[in-house]
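Structural characterization, general
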Amino acid sequence: MLRWALLGVFAVTAAEAGWYLPGAKPKEYENGQDVQMYVNSMSSINTHLPFDYYSLPFCKPKKNTKGERENLGEILMGDRIKASPYEDIRVGQDFQCKVVCDPKNLTPKEVKRFETLIDEEYVMQLILDGLPVAVRNIDQNTFSIGYPLGGKEGKQHYINNHLQFTIKYHKVRAFEGSSAKRIVAFTVRPYSVKHAIEGGAATTCGDGFDPVNLPLQFTSSADPITWTYGVKWEESEEKWAARWDIYLNIADTEIHWFSIINSVMIAFFLSGILAAIMLRTLLRDIARYNAIEDADDLHDEIGWKLVHADVFRPPQNKGLLACFVGTGVQLLGMCFTVLIMACLGFLSPANGGMLFTSILLFFVFLGIYGGYTSACLMKMWGETSWWNAFQTATVVPGTVFTAFFIINLFVWREESTGAVPFNAMIAVIAIWFFISVPQVFLGAVLGYKKEALKPPARVNQIAKFVPEQRWYLQPWFTILCGGVLPFGAVFIELFFILTSIWMHRIYYVFGFLLLVFIILCITCAEITIVMCYFQLCAEDYHWWWRSFFTSGSSGLYVFLYSIFYFFTSTLKMTRFTAILIFFGYMAVISYIFFIITGAIGFVACFWFVRKIYSSIHVD
């Protein structure tokens, strides 16, 4: 017990400080050395439609035109990392104002484009030494990623065309006389400045430059716009390992602990009910039933013992149920693997897109477990079907891919970088059919070769009549009630996850999330066992599908909560495509949540039913 407690403490600690165990290697700079800055796709929480930085008439780079190569996760998330036009950045060299390129006149179409994106609150993304640029929110004393493209004064729109960068560094004192520096912070203060232009040059960009006291650069102005920037280097005592702290809202830690306490209390509540059933009712029933010697006395018995000859009867649509359970086990293994990797620090925010890439790859390579589980169930039900293995490999992933493809068509129509390119789509399909599908079939081969699970009670040829059930034992009622407690165990943490996804914040407390996920698994197992026991006591032996839906219905509550979140959060989505993205992806997330929790409930209930019926003597 102590070993598991220490492991839990380590997981929580690693989530807060473990980003840097095997994370990005620090890069050291010398005075005067060039530092490459990159631009990424601009984005907005109100549309979730990222656009290429150079889709607007910004200055183009002159020296280095080669950007960084994105990984698969970054491409799928819409990142497009390219060289930046801010090229004269050298370690230790400050300047107040420098012109990026010649002044530009905006066309009416470009002005309209700027005003639309400003109204939708788009922010620009820059990257320096692996750090995204941050803007300090003075009122809240927090930092946000990216700087606003512009703003409004009255009914007029202005453009932030001057950027004042502050780059903080930490000296590496490896030996006497060492001048190596590590960048620990990258912030910006954007300004809108209408530069005075004479002879094609900006005369206001020079000594004594003060962007605060200069007029704003409105989009309605007929004068050309000049893009400028300044750089200031500051020494800092902050260590390189802590440079991501400004992006993380550390103040929420107490709320995460409350989330865990809430989940633990629900788990203890269910554990108490389950203990009462197992230790009092079940053991008493088993002892009394085994003491009966005359078969005629069985007529005096009621409850779960009378359906022993029907409880293991194969369910309807058994192939689909085996497919769902197999894929659920595969997804469950993927979740645990990714969360453990994240807790150990392998999925650092410095490695953009790695979390998404890891989710995809771990799901693919864990297909063997999905195929094995599905095949074992089918063989137990007296059927060996390779079609079922194909279903396991394609039904759930195919449903998710179809939803993703439909949403991608609308995103592609908007000319957004969020639309997955054709070659990336082909890569995903190739990974699916050439890695995932063979893995599932390999698992199915192993499952069909294994000896079939034998039920502890023989199944009658003629099905027993199921008595009429009271209203509170009807399937729709027990299923809807069964999903409440699993959802209640995670809904607080779910708020932070949704905020991270839709408000463009970095989620970092994977240790907390791992603990909450473990409690979710326990809660799903316990509520399904409790509901299954009540169902069997009412002599209703159709438990196969109901055990899956009982805990899986928590996915419905996740989707309903997403609707509540949409209308109560600060999101201001007005575009049809943006609304489709939100509800489309939340439907996909809820569907995956349904499959995972449903599989957990099914496996737990299957173990419970086999356990209790193997404890009684049945001819």
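Conventions we followed
- Residues numbered from 1 in each chain as written.
- Predicted model: local features only at pLDDT ≥ 70, side-chain atom pairs only at ≥ 80, totals over all residues.
- Heavy atoms only, no water.
- Helix = DSSP H or I, 4+ residues; strand = E, 2+ residues; numbered from the N terminus.
- Buried < 20%, exposed > 50% of the residue type's maximum accessible area, 1.4 Å probe, protein only.
- Contact = heavy atoms within 4.5 Å.
- Areas by Shrake-Rupley, 256 points an atom, 1.4 Å probe, with all protein chains shown as cover.
- Disulfide = S-S within 2.5 Å.
- Salt bridge = Lys/Arg side-chain N within 4 Å of Asp/Glu carboxyl O.
- Pairing = 2+ DSSP bridges.
- 1 Å grid on protein atoms, 1.4 Å probe; cavity = no way out; pocket = protein on both sides within 12 Å on 5 of 7 lines; lining within 4 Å.
- Points joined across faces, edges and corners; volume = space filled by probe spheres on them.
- Nonpolar A, V, L, I, M, F, W, Y, C, P; charged D, E, K, R; others polar.
- Phe/Tyr/Trp six-rings, centres within 6.5 Å; stacked < 30°, edge-to-face > 60°.
- Lys NZ or Arg CZ within 6 Å of the ring centre and 35° of its normal.
- Axes fitted to C-alpha atoms, helices over the stretch in contact; angles between N-to-C directions.
- Left-handed = near helix turned anticlockwise from the far one by under 90°.
- Patch = residues over 30% accessible without salt bridge, like charges linked within 9 Å, V, L, I, M, F, W, Y side chains within 5 Å.
- Parallel < 35°, antiparallel > 145°, perpendicular 65-115°, else oblique.
- pLDDT = per-residue confidence, 0-100.
- Core = buried A, V, L, I, M, F, W, Y, C linked by side-chain atoms within 4.5 Å.

1. Structural notes on the overall build of the chain
In terms of regular secondary structure, the chain is built from 15 helices and 15 strands. Counting over 619 residues, the chain shows a buried share of 51%. Sequence separation of 24 or more characterises 82% of the internal contacts of the chain that already satisfy a separation of 6 or more. For the chain, the exposed surface amounts to about 29,600 Å²; the carbon and sulfur share of it is 62%.

2. Comments concerning the state of the cysteines
Evaluated as defined, the whole model comprises two disulfides. The residue that forms a disulfide with Cys97 is Cys205, at a sulfur-sulfur distance of 1.8 Å. Negative torsions about the S-S bond denote left-handed disulfides, and the value of about -115° found for Cys97 with Cys205 makes this one left-handed. Note that Cys97 is positioned in strand E3 (residues 95-99) and Cys205 in the loop between strand E14 (201-202) and strand E15 (228-235), a separation of 108 residues in sequence. Each of the two residues, Cys97 as well as Cys205, counts as buried. Regarding the disulfides, the chain carries the connectivity 1-3, 2-4 under sequence-order numbering of its bonded cysteines.

3. Focus: the pattern of salt bridges
Considering all chains together, one arrives at 15 salt bridges under this definition. Close ionic contact of Asp34 with Arg90 constitutes a salt bridge, the shortest N to O distance being 3.0 Å. Placement of the pair is Asp34 in the loop between helix H1 (2-17) and strand E1 (37-43) and Arg90 in the loop between strand E2 (82-83) and E3, with a sequence separation of 56 residues. Given the relative accessible area of 46%, Asp34 is considered partly exposed. Across the pair Arg546 and Asp540 runs a salt bridge whose closest N-O atoms are separated by 2.8 Å. A relative accessible area of 9% places Arg546 in the buried class. Under the relative-accessibility criterion, Asp540 is labelled buried at 5%.

4. A closer look at the pairing of strand E9 (residues 150-153)
Of the pairings in the sheet, the one linking E9 to strand E10 (residues 156-159) comprises four bridges and is antiparallel in character. Looking at the pairing, Gly151 lines up with Tyr158 of E10. Where E9 hands over to E10, the hairpin turn is made up of two residues, of which Gly154 adopts a positive phi near 70°.

5. Examining empty space enclosed by the protein
The final tally for this structure, using the stated rule, is three cavities of 30 Å³ or more. The calculated volume of the largest cavity comes to roughly 50 Å³. Every residue lining the largest cavity is listed: Thr478, Thr528, Met531, Cys532, Gln535, Trp543, Arg546, Ser547 and Thr550. Listing elements by their share of the lining of the largest cavity, those giving two or more residues are helix H12 (510-537) and helix H13 (544-552). A per-element tally of the lining of the largest cavity places H12 first, with four residues. The class makeup of the residues in the lining of the largest cavity is three nonpolar, five polar and one charged.

6. Some remarks on the packing of aromatic side chains
Within this structure, the stated rule accounts for 52 aromatic pairs. Here Tyr53 and Tyr54 contribute two aromatic rings whose centre-to-centre distance is 5.0 Å and whose plane-to-plane angle is 85°, an arrangement assigned as edge-to-face. For Tyr53, a relative accessible area of 2% puts it in the buried group. Here a set of aromatic residues connected by ring pairs shows up, and it is made of Phe324, Trp545, Phe548, Phe549, Tyr591 and Phe594. Cation over ring: Lys98 sits above Phe95, and NZ or CZ is 4.3 Å from the ring centre. Geometry around Phe51 places Arg113 over its ring, the cationic atom sitting 4.5 Å from the centre.

7. Topic: the packing of helix H7 (residues 367-380) against helix H9 (residues 422-449)
Remark: H7 packs on H9, axes separated minimally by 6 Å, with the N-to-C direction vectors making an angle of 35°. Crossing handedness for the pair H7 and H9: right-handed. In this structure, H7 contributes Gly367, Ile368, Gly371, Tyr372, Ala375, Cys376, Met378 and Lys379 to the contact, and H9 contributes Gln439, Val440, Leu442, Gly443, Ala444, Leu446, Gly447, Tyr448 and Lys449. Looking at the contact of H7 with H9 residue by residue, the class counts come to ten nonpolar, five polar and two charged.

8. A look at a nonpolar patch on the surface
Together, Trp387, Phe390, Phe433 and Phe434 make up a nonpolar patch on the protein surface, roughly 480 Å² of accessible area in all. Counting only elements with at least two residues in the nonpolar patch, the list comes to helix H8 (386-413) and H9. For Phe433, the position within the fold is in helix H9.

9. Quick notes on the packing of helix H11 (residues 484-502) against H12
Packing of H11 against H12 brings their axes to within 8 Å, and their N-to-C directions diverge by 160°. Judged on the interaxial angle alone, H12 and H11 are roughly antiparallel. In the crossing of H11 with H12, the sense of the turn from one axis to the other is left-handed. Side by side, H11 and H12 meet where Leu485, Pro486, Ala489, Val490, Glu493 and Ile497 of the first sit next to Leu513, Val516, Leu520, Thr523, Cys524 and Ile527 of the second. Of the residues in the contact of H11 with H12, the class split is ten nonpolar, one polar and one charged.

10. Considering the environment of Phe496
With respect to the helices, strands and loops of the structure, Phe496 is situated in helix H11. Distance in space between the C-alpha atoms of Phe496 and Ile506 is 9.8 Å, their sequence separation being ten residues.

11. Some remarks on the pairing of E15
Of the strand pairs in this sheet, E3 and E15 are connected by three bridges, and their pairing is antiparallel. For Lys98, the partnering residue across the bridge sits in E15 and is Tyr229. As paired elements, strand E11 (residues 162-171) and E15 share eight bridges and run parallel to each other. Residue pairing in the sheet places Tyr169 in a bridge with Glu235 of E15.

12. Things to note about the confidence of the model for the chain
Overall, the predicted model of the chain reaches an average pLDDT of 85, with 88% of residues at or above 70. Counted against residues more than four places away or in other chains, residues 1-23, with its pLDDT under 50, gives 39 contacts.

13. Points about the nonpolar core
Of all hydrophobic cores here, the largest spans 142 residues; its most connected members are Tyr86, Leu126, Tyr147, Phe165, Leu536, Val609 and Tyr613. Of all the elements, helix H15 (residues 576-613) adds the most residues to this core, at 18 residues. With residues near it in sequence (within four places) discarded, Val609 still touches Val311, Phe312, Cys532, Leu536 and Trp543.

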